[in-house]
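An overview of the molecular structure
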Amino acid sequence: MQVPARFEYERASSVPHALALLERYGPESRVIAGGHSLIPMMKLRLARPDVLIDINGLEELSFLGVEDDVLVIGALVRHAQFLADPAVGRYFPIFHDAERVIADPVVRNRGTVGGSLCQADPSEDLSAAFAAVRATAVIQGPGGVREVPIRRFHRGPYETAVEPGELLVRLRVPIRPGAASAYEKVERRAGDWPVAAAGAQLRLDGGVIAEAGIGLTAVGAEHFAAPEAEEYLAGKAPGAEAFAEAGRIAAANCAPRADQRGPAAYKRHLAGELVRRALTRAAGRAAEGTAQGAGDRTGDRRGEG
Amino acid sequence: MTAETTDTTANATDTTATDTETGATATPMGFGRMHRKEDARFIRGRGNYVDDVRLPGMLHGAILRSPHAHARILSVDASAAEAHPGVKAVITGETLAGMDLAWMPTLSGDVQAVLATDKVRFQGQEVAFVVAEDPYTARDALELIEVDYEPLEPVIDARRALDEGAPVIRDDVEGRTGNHIFDWEAGDREQTDAIFERAEVTVAQDMLYPRVHPAPLETCGAVADFDRVTGKLTVWCPTQAPHAHRTLYALVAGLPEHKIRVISPDVGGGFGGKVGIYPGYVCAIVGSIATGRPVKWMEDRSENLMSTAFARDYHMRGEIAATRDGKVLAIRVKVLADHGAFNGTAQPTKFPAGFFGVFTGSYDIRAAHCEVTGVHTNKAPGGVAYACSFRITEAVYLVERMMDVLACELDADPAELRMKNLIRPERFPYTSPTGWEYDSGDYPRALRLALDMVEYDKLRAEQAERRRDGGPLLGIGISFFTEAVGAGPRKHMDILGLGMADGAELRVHPTGKAVLRVSCQSQGQGHETTFAQIVAAELGVSPDDVEVVHGDTDQTPFGLGTYGSRSTPVSGAATAIVARKVRERARLVAAAMLEASPDDLEWSVSEAGGRWSVQGSAEHGRTIQEIAMAAHSNLELPEGVEGHLDAVTVYNPPNLTYPFGAYVCVVDVDPGTGQVKVRRFVAVDDCGVRINPMIVEGQIHGGLADGIGMALMQLMAFDEDGNHLGASFMDYLLPTSMECPSWELGETVTPSPHHPVGAKGVGESATVGSPAAVVNAVLDALRPYGVRHADMPLTPANVWSALQGTPIRTDLAVT
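Residues numbered from 1 in each chain as written. Chains lettered and ligands numbered in written order. Predicted model: local features only at pLDDT ≥ 70, side-chain atom pairs only at ≥ 80, totals over all residues. Heavy atoms only, no water.

**Considerations on the interface of chain A and chain B**
What counts, and what does not: Contact criterion: two residues are considered in contact whenever any of their non-hydrogen atoms come within 4.5 Å of each other. Defined here as a combined quantity, buried area equals the accessible surface (1.4 Å probe) lost by two parts on assembly, summed across both. What makes a salt bridge here is a side-chain nitrogen of Lys or Arg within 4 Å of a carboxyl oxygen of Asp or Glu, nothing more. Numbering of helices and strands runs from the N terminus, with a helix taken as a DSSP run of H or I at least four residues long and a strand as a DSSP run of E at least two residues long. Under the convention adopted here, Pro, Cys and the residues Ala, Val, Leu, Ile, Met, Phe, Trp and Tyr are nonpolar, Asp, Glu, Lys and Arg are charged, and Gly plus all remaining residues are polar.
The interface is formed by 32 residues belonging to chain A together with 34 residues belonging to chain B. Buried surface at the junction of chain A and chain B, summed over both partners, amounts to about 2700 Å²; 56% is from carbon and sulfur atoms. For the chain A face of the interface with chain B, the top three residues by lost area are A:Met1, A:Arg189 and A:Gln260, together amounting to 26%. B:Asp670 is the salt-bridge partner of A:Arg277, the closest N and O atoms lying 2.6 Å from each other. At the level of elements, β11 (179–187), α11 (264–288) and α12 (301–304) of chain A are the ones that each hand at least two residues to the side of chain A that touches chain B. If you tally residues by element for the side of chain A that touches chain B, the top one is α11(A), at seven residues. Here the side of chain A that touches chain B is built from residues that sort into 14 nonpolar, five polar and 13 charged.

What follows is the structure, given as structure tokens:
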């Protein structure tokens, strides 16, 4: 039987209360939301916080909706809620593509969007998806609220811009008219972390790419992004050749490491292949008019097979 | 679903009404579909597993395990742990050595450390055991034990185990200078070599059946309760062989056998991994003896994956000699078997490589020869587990892979090549070149049915089209397997001297309700239903009127348990025979009731049930219930006839049974990512007479999922230091419904001629037969790329690497 080491438990009743608890207990305390990363690590005794500060009751962090052309996602929004939300699917199909292949329904019922980002696992799917759409993280601390572009949020594996005593409270994603997005992942088995995955958002203007956003995960891409490939695409006409080249550039600029999921060469290949596929799918959606503004198909992956 | 059946047995009553909505049923009077009797408690969460056992005053144990694959133990200091509040005892190797219990015998005649004294020999090996008031305290105290290790060079790659100068793992064995365990061979070397020298075509292929783990839902554990007053030891643990455990405890610990009771309650999956005795069981027993209180020990998932019986790990070289037109003449095999640090495989004593000797498979081959060499490495012991039918999984994989390699060489169709070489029906009983006597079979019929079901020709046409026009790669893989199950005849088969015969005991109460007691034990096979159906068929009663008792040594007759698909072939046969004994007793009682001669009575089963009646006048008869009451009454019985109907038997099988099947797997492979999607899987199984077809199909479904798991994702890998890289379900992957297609099952029925009801056993068939079908399908898809072989698991990375012409080693860490 796996059991964690001894710890204390506090339940926060509001964001200020949570911040006060963080201040009181200091760096040996940990915030717990869905707990799907932290609790297994505690049971294996790889994580041994002195105190858990439970924020699950904070309704104010569970908001999900569109405010002034910005999709606002509370840090405590559960994966299942994010996946089920029609507005998310309409404006950002990339999130629904990604959420369908994150873990399994049981984990998605409990795990949170904010928790996934704060865990900062180098293979996290949502980190790549948020990087592709250039989201903004809203962090609250004793001194008030500050905003951090998502591409400066992750500082390295398991390290974020959230300082001790602070809390990620929400994410903001600007809705860009005419943009379309998609996410492609290769996993060893349903529910596994990605071997590699790529997300892409394309905004077209006058038949050329006005702005491209490319996110990559599990391949050692800095800040989960592929800026060189994005720059290459700017001003180009969308098409097979441009997308393949963007894939090649993204692959050349990431730094995958060999592990149980595969050798580095394979992951680099996948980075290119999946960037190409995500761009192609996003462009297809743009052409179909399922860009931000129209609905995306729903259903589980088995239905697609 | 297509199904071709040959009606077979007088026992199979055909009174079942199938509910088309649920596929379930009214209770049949004997064989047929019916819901499992045990499911009522399982689906309500009312099962009773070892971890559900809670005794007054119970303490909790936890094991300290080695972080090293190979290291000398310089010292163990448990004083801080002993002083920790709530800790009742700390047991070390030294403690056990003082009781002569530091080492215990394995099922293969080797010894295994219960708690290490001199060295640790694999990562995760047991070093110390803490007994505490609660599981939290026990775990906390583990961290307070200080062990000083001197790390030694480990042997991880089995192919390096016999190298000159390789570290000697088993220096505990006097005179041991290397890591060699055994050499074993079968077949006729000279004859085989002679055929190879003259053959028109020969092919050879190296392949690895990697180390995998059965990973049952329930991990291992035990509750040991030693009563100091009565001297009785009761052990609850999820064992597949409770009686064998009892005898071993008696022999090892010196406790009198009648003072030991082993209870195997509901068990959450065994797959062969729960046959042996694990150090944790012994520690729990010692903990209870030391403290005078019951001790529970439950291992966690990582402990289960790291230290309990693994499966396979066979490095094989197969060779086939054939004619140019595809007639297979001879097969030759060399195997290097990685048995880990202790030789702890569970199989009949005379078979150190299990039943690998059936490697000629389903083909009529003139000559064959194999050599198997077993070696030690610094990995956990085991080797026979995961529904492997004592290594037939490895044998089937080898021969079925080789048939495809030959097809590739000859540019022949793999289905036609198999059809040409299958043993013909008229050759049964068939004696294989390695001396196995296959009892019955009609192989071409099963293969034809599978090919028809999958519409083989149409698929090949689609494949040709795809290869011409591009698109995802389509692969079609075939596997034809023959199993040898139901071990076994006592003359040839024993485990540690205990013959593999099994007992059964049937009591019929005055009202005609019956209690069957069997020596085998269910880990999910549905014995409480199937065995009740066997009694029901023999006595003409409802299966609901038969209670099956199993898994408790104080309540059941002796026998060797459930593994190797032996429960229906052995205990099922015992059940039929004991029921027939009861029926014969009932004949004598009925004769007294009817004032007729027993020889003038005839037995019949109608919808109303079974009855003995005077020949030719059916109305002049008595039902089995009436006879049961009379047997307990004051009815005057003939001289020599005792009262009651109860009977006892022991069944010693005359031969193994040989189930077989034809599997076809269809996959789509994405060449851009290496991902494999199993599109279809057709499985035609012939396991002889099916007692409960629904349970048979459930067994097959599970085994097919196992096959997809092994072929595509499962692997116990190690890095070069011997660190286990698959010690959680994050890295050791089990297949989910998302990877499995909707199974398409077919059946043929060729009864076993020597089994009382013609049944053959099916628990392992699909696990044995399916991996080769999946692998053959993937490699068939990759054929345009010139890929002839790649080892399991065919993960996206491995498939992609094979496409690049650089298949990677799968058993070791990424190279």
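**Quick notes on the packing of aromatic side chains**
Cut-off, in case you're wondering: Each aromatic pair joins two rings of Phe, Tyr and Trp (for Trp, the six-membered one) with centres within 6.5 Å, and gets the label stacked for planes under 30 degrees apart, edge-to-face for over 60, and tilted for any other angle. By definition here, charges over rings are those cases where NZ of Lys or CZ of Arg is within 6 Å of the ring centre and within 35 degrees of the ring normal.
One pass over the structure, following the stated rule, counts 28 aromatic pairs over all chains. Each residue in the set B:Phe351, B:Phe355, B:Phe390, B:Trp436 and B:Tyr563 is aromatic and connected to the rest through ring pairs, giving one cluster. Above the ring of A:Tyr91, the side-chain terminus of A:Arg90 is found at 5.6 Å from the ring centroid. Lying over the aromatic face of B:Phe310, B:Arg211 brings its terminal NZ or CZ to 3.3 Å of the ring centre.

**Observations concerning helix α6 (residues 242–253) of chain B**
Residues and elements named next belong to chain B. What counts is decided by this rule: For a helix, the expected span equals 1.5 Å multiplied by the residue count minus one. The classification of residues rests on relative accessible area computed with a 1.4 Å probe and restricted to protein chains. Under 20% of the type maximum is buried, over 50% is exposed, and intermediate values are partly exposed.
With twelve residues, α6 should cover 16 Å at 1.5 Å per step; its first-to-last C-alpha distance of 16 Å lies within 8% of that length. Most of α6 is tucked away: nine of the twelve residues are buried. For α6, the full list of buried residues reads Pro242, His243, Ala244, His245, Arg246, Thr247, Leu248, Tyr249 and Ala250. Considering only its buried residues, α6 is in contact with β12 (233–236), β13 (260–263), α7 (279–291) and β23 (498–499). Gly254 sits one or two residues past α6 and shows a positive phi near 75 degrees.

**Points about the domain arrangement of chain B**
Residue and element names in this part refer to chain B. Our working definition: Annotation comment: domain bounds sourced from an automatic or database domain assignment.
Partitioning chain B into domains gives domain 1 (50–152 + 220–298), domain 2 (393–485 + 657–803) and domain 3 (501–651). On the side of domain 3, 18 residues touch domain 1, which itself brings 20 residues to the contact. Note on domain 1 versus domain 3: buried area summed over both sides is about 1400 Å², and carbon and sulfur give 48% of it. For the domain 1 face of the interface with domain 3, the top three residues by lost area are Gln240, His243 and Arg261, together amounting to 41%. Here domain 1 is connected to domain 3 by three salt bridges.

**Thoughts on the sheet that holds strand β1 (residues 59–65) of chain B**
All names here are of chain B. Where we set the bar: The pairing criterion for strands is at least two bridges between them, as found by DSSP. Here, axes are lines fitted to C-alpha atoms. For helices the fit covers the stretch in contact, and angles between N-to-C directions go from 0 to 180 degrees.
If you walk across this open sheet you meet the seven strands as β3-β7-β1-β14-β11-β12-β13, and the pairing is mixed. Each end of this open sheet is capped by a strand with a single partner; those strands are β3 (87–92) and β13. Taken pair by pair, the neighbouring strands of this sheet meet at an average axis angle of 20 degrees, ignoring direction. Across the sheet, helix α4 (residues 135–142) lies against β1, β3 and β7 (126–132), angled at about 25 degrees from β1, the strand it touches most. The sheet strands contacting α6 are β12 and β13, and the helix crosses β13 at an angle near 145 degrees.

**Observations concerning the UniProt feature "domain: Aldehyde oxidase/xanthine dehydrogenase a/b hammerhead" (unreviewed entry) in chain B**
To be explicit about the condition: UniProt positions are given in the numbering used here, feature names are shortened, and annotations may be inferred rather than shown by experiment.
Cross-referencing UniProt, the feature "domain: Aldehyde oxidase/xanthine dehydrogenase a/b hammerhead" (unreviewed entry) maps to residues 44–153 of chain B in the present numbering. As annotated, residues 44–153 of chain B comprises 17% helix and 37% strand, and the C-alpha atoms at either end are separated by 51 Å.

**Concerning the environment of B:Met99**
Secondary-structure assignment places B:Met99 in the loop between α3 (93–98) and β4 (103–105). Measuring from C-alpha to C-alpha, the distance between B:Met99 and B:Leu422 comes to 57 Å, with 323 residues separating the pair along the chain.

**Some thoughts on the environment of B:Asp439**
Residue and element names in this part refer to chain B. What counts here: In protein, a polar contact requires one atom able to donate a hydrogen and another able to accept it; more generally it is a pair of N or O atoms within 3.5 Å, and residues adjacent in sequence count only if both atoms are side-chain atoms.
For Asp439, the position within the fold is in the loop between β20 (437–438) and α11 (443–454). With 216 residues separating them in the primary sequence, Asp439 and Asn655 have C-alpha atoms 8.0 Å apart. Setting aside residues no more than four positions away along its own chain, Asp439 makes contact with Phe428, Pro429, Asn655, Leu656, Thr657, Tyr658, Ser752, Pro753, His754 and Lys760. A polar atom in the side chain of Asp439 sits 3.3 Å from the backbone nitrogen of Tyr658. Of the polar contacts made by the side chain of Asp439, one reaches the side chain of His754; its length is 3.4 Å.

**Re empty space enclosed by the protein**
All names here are of chain B. What counts here: Using a 1 Å grid laid over the protein atoms alone, points where a 1.4 Å probe fits but cannot get out form a cavity; open sets with protein on both sides within 12 Å along at least 5 of 7 lines form a pocket; any residue with an atom within 4 Å of a point counts as lining. Grid points are joined across faces, edges and corners, and a volume is the space filled by probe spheres set on the points.
Counting across every chain of the model gives six cavities of 30 Å³ or more. Put simply, the second largest cavity is a space of about 130 Å³. Taken together, 13 residues make up the lining of the second largest cavity; nearest its centre are Arg401, Asp404, Cys408, Asp780 and Arg783. Mapped by element, the contributors of at least two residues to the lining of the second largest cavity are α9 (392–410) and α17 (765–781). A total of five residues in the lining of the second largest cavity trace back to one element, the largest contributor, which is α9.

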